[in-house]
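Geometric and topological summary
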Amino acid sequence: MLDPADCPDMATLRTQIDALDRDLISLLKTRMGYIDRAVEIKTGVGLPANIPARVEDVVTKVKAAAVEQELDPELVEVLWRHLIDWSIAREAQTIKLD
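The sections below set out a description of the structure shown in this document. If you're wondering where the values come from, they're calculated on a predicted model, not measured in any experiment. (Residues numbered from 1 in each chain as written. Predicted model: local features only at pLDDT ≥ 70, side-chain atom pairs only at ≥ 80, totals over all residues. Heavy atoms only, no water.)

1. Some words on the overall build of the protein
Across its full length, the protein holds 3 helices and 0 strands. Each helix (α) and strand (β) of the protein, taken in turn from the N terminus, gives the series α-α-α. Residue burial in the protein is summarised as follows: out of 98 residues, 21% are buried. Accessible surface, the protein as shown: approximately 7,400 Å² in total, 61% of it carbon and sulfur. Of the side chains in the protein, 12 bear a positive and 18 a negative charge, and the two mean positions are spaced by 8 Å. (Helix = DSSP H or I, 4+ residues; strand = E, 2+ residues; numbered from the N terminus. Buried < 20%, exposed > 50% of the residue type's maximum accessible area, 1.4 Å probe, protein only. Areas by Shrake-Rupley, 256 points an atom, 1.4 Å probe, with all protein chains shown as cover. Lys, Arg positive; Asp, Glu negative; His and termini not counted. Charge placed at Lys NZ, Arg CZ, Asp CG, Glu CD.)

Written as C-alpha cells, this is what we have:
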C-alpha cells in the first residue's frame, strides 16, 4: 500500500482504496468466522447470543483504539454497534435459549 501522500493522481488513489476495501472485506470475513465459532461455543455452554456487558466492552475497546489512531471514536462506535448488532442477529438465528 502506498501512503496517501504518495498517490500522484486519482487513479492511483482509487486503486489503493479498492485494495484496502478488499483487505477490509477479508478481515470482516475472518471476524465472521469467529462469530460462527462463538455460536458453537455459546450453544455448548448455554450462553445467549446477546451479552450486553460484552457489547459495551467491545465498543469501549474499539473507541479507545480509534482515539489512539486519531480516528473519530463516534464514527467507530456507530460502525461497530451496527457490526455487533448484525453479529448478534447472526448468532440468534442458531442459538435458541428458553
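2. Some words on the nonpolar core
Ranked by size, the top nonpolar core spans 11 residues in total: V39, A49, V55, V58, V59, V62, A66, V76, I84, I88 and I95. If you list the elements that add at least two residues to this core, you get α2 (52-68) and α3 (73-92). If you tally residues by element for this core, the top one is α2, at 5 residues. Look past the residues within four positions of A49 in its chain and what remains in contact with it is K42, I88, E91, A92 and I95. (Core = buried A, V, L, I, M, F, W, Y, C linked by side-chain atoms within 4.5 Å. Contact = heavy atoms within 4.5 Å.)

3. Some thoughts on the side chain of E77
Its location among the elements puts E77 in helix α3. Taking the relative accessible area as the measure of exposure, E77 reaches 16% and is therefore buried. Excluding residues that lie within four positions of it along the chain, E77 makes contacts with V59 and K63.

4. Focus: α3
Taking 1.5 Å of rise per residue, the 20 residues of α3 would be expected to cover 28 Å, and the 28 Å separating its terminal C-alpha atoms lies within 8% of that figure. All buried positions along α3 are accounted for by V76, E77, L83, I84, S87, I88 and E91. With its buried residues spanning 140° around the axis, α3 presents them on a single face. Those residues of α3 that are exposed and aimed more than 90 degrees away from the buried face are V78, H82 and D85. Of the surrounding secondary structure, the elements contacted by the buried residues of α3 are α1 (10-45) and α2. (Expected span 1.5 Å × (residues − 1). Arc of directions from axis to C-beta.)

5. As for a nonpolar patch on the surface
Together, M1, L20, L24 and L27 give the surface a local cluster of nonpolar side chains, amounting to about 430 Å² of exposed area. Counting through the fold element by element, L24 comes out in helix α1. (Patch = residues over 30% accessible without salt bridge, like charges linked within 9 Å, V, L, I, M, F, W, Y side chains within 5 Å. Salt bridge = Lys/Arg side-chain N within 4 Å of Asp/Glu carboxyl O.)

6. Some thoughts on the pattern of salt bridges
Evaluated as defined, the whole model comprises 9 salt bridges. The salt bridge involving R37 is made with E40; its shortest N-O contact spans 2.8 Å. With R37 and E40 both in helix α1 and 3 residues apart, this pair spans about one turn of that helix. Judged by its relative accessible area of 44%, R37 falls in the partly exposed class. Across the pair K63 and E77 runs a salt bridge whose closest N-O atoms are separated by 3.1 Å.

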